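# Chains, contacts and geometry: an overview
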Amino acid sequence: MDSNGDSPRPPGRNPNIGKYSPRPIPLFTTFGPLAALGWWLAVNALALAVWPWLAAFGRRLPDLGWAAAKGVGVVALAWACWFAGSVSPWPFPQAGILGVFALMAAAGFLIWRKTGWPLAGELKKALPLLKLEEAVFTGLYLAFVAVRAFMPDIHSIGGQGYRGGGEPLGITYLSAVFRCVTFPVYDPWLSGETSNYYHWGYVVLGTLSKLTGTDPGLAYNLALPLLFSFTGLFVFAAVRALT
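Residues numbered from 1 in each chain as written. Predicted model: local features only at pLDDT ≥ 70, side-chain atom pairs only at ≥ 80, totals over all residues. Heavy atoms only, no water.

On to the packing of aromatic side chains, then. In total, this model carries 13 aromatic pairs according to the counting rule given. Judged by centre distance (5.7 Å) and plane angle (35 degrees), the ring pair of Phe-137 and Phe-230 falls under tilted. You can see Phe-137 sitting in helix H5 (residues 120–150) and its partner Phe-230 sitting in helix H8 (residues 216–242), a full 93 residues away along the chain. Given a relative accessible area of 1%, Phe-137 falls into the buried group. Look at Phe-230 and you get buried, because its relative accessible area is 9%. Among the aromatic residues, those joined into a cluster by ring pairs are Trp-79, Trp-82, Phe-83 and Trp-200. In this structure, Lys-70 packs its charged tip against the face of Phe-137, placed 4.2 Å from the ring centre. (Phe/Tyr/Trp six-rings, centres within 6.5 Å; stacked < 30°, edge-to-face > 60°. Helix = DSSP H or I, 4+ residues; strand = E, 2+ residues; numbered from the N terminus. Buried < 20%, exposed > 50% of the residue type's maximum accessible area, 1.4 Å probe, protein only. Lys NZ or Arg CZ within 6 Å of the ring centre and 35° of its normal.)

Spelled out as structure tokens, the structure:
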């Protein structure tokens, strides 16, 4: 009991407490427009790494599963890092994430060597659709990047939606993931504790942020355009596959 008769607060139990997270090295640049290009390249690199994984159902789709590969690549990287960091000492700093990406790419290459999929003939036939999907994805991404370039404020609580509102909560959890060296994620609101707030989306985007070495403030304004472009691409691909 302390002098006020209250029980002392137990020490924090989160494994991130007291550990130093090295600052990621920007793989591209911290300059906004070039950082946006870097995220676009990273998403496509992850998609290429996992595309051979989707051979089982990709053959049945008109785009050979390319649209799905974009989402699967980003989510698979985050899940692998989260799982490895949760059950083993695998580090979550940038070097550990790059290691997971290298393993994913190696697995994709071995699958491609064994199956030969996607085949050159299939790619040639699907190429017009692949170009169209890439135009949809890139166009939506760049359009929303331009919107965020003119309205980048993520700390205002005076308005709603694109003027602020709930965005301070988002940047807080994205920053917490960015600073983690292992899992589970610490609670940025309650010092020393483990987060009990749903935060998987921030793990996905925080992993991409650490992979590219993009600070949370800039990463947040790139994450929103990325999610917007993913939504448009998936809707387009689904409609095309059903018609």
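Additional details are given in the paragraphs that follow.
To continue, consider helix H1 (residues 32–50). For H1, built from 19 residues, the straight-helix expectation of 27 Å at 1.5 Å per residue is met to within 8% by its first-to-last C-alpha distance of 27 Å. Turning to H1, its buried residues number three or more, namely Ala-35, Ala-36, Gly-38, Trp-39, Ala-42, Val-43, Asn-44, Leu-46, Ala-47, Ala-49 and Val-50. For H1, the secondary structure elements touched by its buried residues are helix H3 (66–87), helix H4 (94–115), H5, helix H7 (200–212) and H8. (Expected span 1.5 Å × (residues − 1). Contact = heavy atoms within 4.5 Å.)

The next subject is the pattern of salt bridges. The full count for this structure, using the stated rule, is two salt bridges. Notably, a salt bridge pairs Arg-23 with Asp-215, separated by 2.7 Å at the nearest N-O pair. One end of the pair, Arg-23, is in the segment before H1; the other, Asp-215, is in the loop between H7 and H8, with 192 residues separating them in the sequence. Judged by relative accessible area, Arg-23 falls into the exposed class, the value being 58%. The class of Asp-215 is partly exposed, set by a relative accessible area of 29%. In this structure, Lys-70 and Glu-134 form a salt bridge, with 3.2 Å as the shortest nitrogen-oxygen distance. Residue Lys-70 is located in helix H3, and its partner Glu-134 is located in helix H5; the two are separated by 64 residues in the primary sequence. Judged by relative accessible area, which is 0%, Lys-70 ranks as buried. (Salt bridge = Lys/Arg side-chain N within 4 Å of Asp/Glu carboxyl O.)

That is the geometry; function is a separate question.
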